[in-house]
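# An overview of the molecular structure
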Amino acid sequence: MDKNIDIHALISEFLQERSVIPLSSMPTPVDDYQKSGVVPFLNSDGAYYFYVMKPIATRQELLPPKWQLCKGTRMCRSAAGGQWRDMRSGDKTSDLQAEPLEFTALREGHEELGLLTEQIKRLFDAGPYRFSSAKTGQEKHMWMFTAEVRSKEGFLPASHVAATTADRCWLTLDEFKVVGRDDHLYILEDIQFKLKNL
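Everything in this summary refers to the structure shown in the same document. (Residues numbered from 1 in each chain as written. Predicted model: local features only at pLDDT ≥ 70, side-chain atom pairs only at ≥ 80, totals over all residues. Heavy atoms only, no water.)

## Description of the environment of arginine 122
What counts is decided by this rule: In DSSP terms, a helix is any run of H or I states spanning at least four residues, a strand is any run of E spanning at least two, and both are numbered starting from the N terminus. Here's how the labels work: a residue is buried when its accessible area is under 20% of the maximum for its type, exposed when over 50%, partly exposed in between, all with a 1.4 Å probe on protein chains only. Should any heavy atoms of two residues lie within 4.5 Å, those residues are considered in contact. Whenever a nitrogen or oxygen atom comes within 3.5 Å of another N or O atom, the pair is scored as a polar contact, on the condition that within protein one atom can donate a hydrogen and the other can accept it, and that pairs from neighbouring residues in sequence are kept only if both atoms are in side chains.
Among the secondary structure elements, arginine 122 is positioned in strand S8 (residues 120-132). Using a relative accessible area of 36% as the deciding quantity, one classes arginine 122 as partly exposed. Sequence separation between arginine 122 and proline 40 is 82 residues; the distance between their C-alpha atoms is 9.9 Å. With sequence-adjacent residues up to four places away left out, arginine 122 is seen in contact with Ile21, Thr146, Ala147 and Glu148. In terms of polar contacts, arginine 122 uses its side chain to reach the side chain of glutamate 148, at 2.8 Å.

## Overview of unusual backbone geometry
Glycine aside, a negative phi is what most residues show, and trans is what most peptide bonds show. A positive phi angle, close to 55°, is found at aspartate 45, a residue other than glycine. Locating aspartate 45 in the fold gives a position in the loop between strand S2 (35-44) and strand S3 (47-55). When its relative accessible area of 83% is taken as the criterion, aspartate 45 is described as exposed.

## Side note on the pattern of salt bridges
Short version of the rule: By definition, a salt bridge exists where a carboxyl oxygen of Asp or Glu is found within 4 Å of a side-chain nitrogen of Lys or Arg.
Under the defined criterion, the tally for this structure stands at eleven salt bridges. Among the ionic pairs, arginine 107 bridges to glutamate 111, the shortest N-O distance being 3.4 Å. With arginine 107 and glutamate 111 both in helix H2 (residues 101-113), this residue pair falls four residues apart, about one helical turn. The buried category is assigned to arginine 107, whose relative accessible area is 4%. The closest approach of N and O atoms between arginine 181 and aspartate 183, which form a salt bridge, is 2.7 Å. Through salt bridges with shared partners, a single ionic network connects Glu99, Arg107, Glu108 and Glu111.

## Things to note about the pairing of strand S6 (residues 81-86)
Worth spelling out the cut-off: Any two strands are treated as partners once DSSP identifies two or more bridges connecting them.
In this structure, strand S5 (residues 75-78) lies alongside S6, joined through three bridges in antiparallel fashion. Each residue of the ladder has a partner; that of methionine 75, found in S6, is aspartate 86. Where S5 hands over to S6, the hairpin turn is made up of two residues, counted between the paired strands.

## Overview of the packing of aromatic side chains
Just so we agree on the cut-off: In this scheme Phe, Tyr and Trp rings, the latter by its six-membered ring, pair at centre separations within 6.5 Å, and the angle between planes marks the pair as stacked below 30 degrees, edge-to-face above 60, and tilted otherwise.
One pass over the structure, following the stated rule, counts eight aromatic pairs. Geometrically, the ring pair formed by tyrosine 51 and phenylalanine 155 is tilted, given 4.3 Å between the ring centres and 45° between the ring planes. Taken together, the residues span a long stretch of sequence, with tyrosine 51 in strand S3 and phenylalanine 155 in the loop between strand S9 (139-149) and strand S10 (165-171) at a distance of 104 residues. Of the two residues, tyrosine 51 and phenylalanine 155, neither departs from the other in class, the shared state being buried. Ring geometry for tyrosine 51 against tryptophan 170: centres 4.8 Å apart, planes inclined by 35°, an arrangement best described as tilted. Of this pair, tyrosine 51 sits in strand S3 while tryptophan 170 is found in strand S10, placing the two residues 119 residues apart along the sequence. Residue class for tyrosine 51 comes out buried when judged on its relative accessible area of 7%. In this structure tryptophan 170 comes out as buried when scored by relative accessible area, which is 15%.

## Concerning helix H4 (residues 182-196)
This is how the line gets drawn: To estimate how far a helix should reach, multiply one less than its number of residues by 1.5 Å.
Taking 1.5 Å per residue, 15 residues should reach 21 Å; H4 reaches 22 Å between its end C-alpha atoms and fits that length. Listed as buried for H4 are Asp183, His184, Leu185, Ile187, Leu188, Ile191, Gln192, Lys194 and Leu195. Those residues of H4 that are buried are in contact with S2, S3, strand S4 (70-73), S8, S9 and helix H3 (173-179).

## What to know about H2
At 3.6 residues per turn, the α-helix brings residues three or four places apart onto the same side. The first and last C-alpha atoms of H2 sit 17 Å apart over 13 residues, in line with the 18 Å expected at 1.5 Å per residue. Those residues of H2 not exposed but buried are Leu101, Phe103, Thr104, Ala105, Leu106, Arg107, Glu108, Gly109, His110, Glu112 and Leu113. Of the residues trailing H2, glycine 114 is marked for its positive phi of about 80°.

## Considering the pairing of S4
Because side chains alternate across S4, one face comprises the buried residues Cys70 and Gly72, and the other comprises Lys71 and Thr73, equally buried. As defined by bridge partners, S2 adjoins S4 across four bridges and the pair is classed as antiparallel. Paired with serine 36 across the strands is glycine 72, a residue of S4.

Taken by themselves, the reported measurements are silent on function.
Okay, structure coming up:
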């Protein structure tokens, strides 16, 4: 696939053609969530496999990053238009034009994991979760989605993902418990529980 393809147009088309399936009773908010993420998964004979990433270490004083869920910052711009930028603390969606949370999740999935919309069979809304900032330790919250994909191989090559992604891999929940980020573990546990109880 062409590295310069307009992923924004592909995501918009995908979201217009597909319904996002709720996994929780909480409706997707149109509020001020700044973070959103996606975890691709495969169900093979009742075993769930999740596609996770490891970011490049940027601060030497911190421990090397562990495997974690793909997440990122929502983009927004003035209600009158203009340049897109990351949402900041204190930004109110009522004053801005902001990406829908599912759009942010798929954009981040494309950038960090190489997730392609044509590989997604179903997209699920998993709901809100809390996590700790790796830099500050401050508690933050994000809205998560999970995408059932067609195969383990249907992702862009490493050369086409963000330079901030050090590696990507498929892990079961039990494997993630050993090598994954602690504050993301309960999120993955909850998502797997919800998927099993569809």
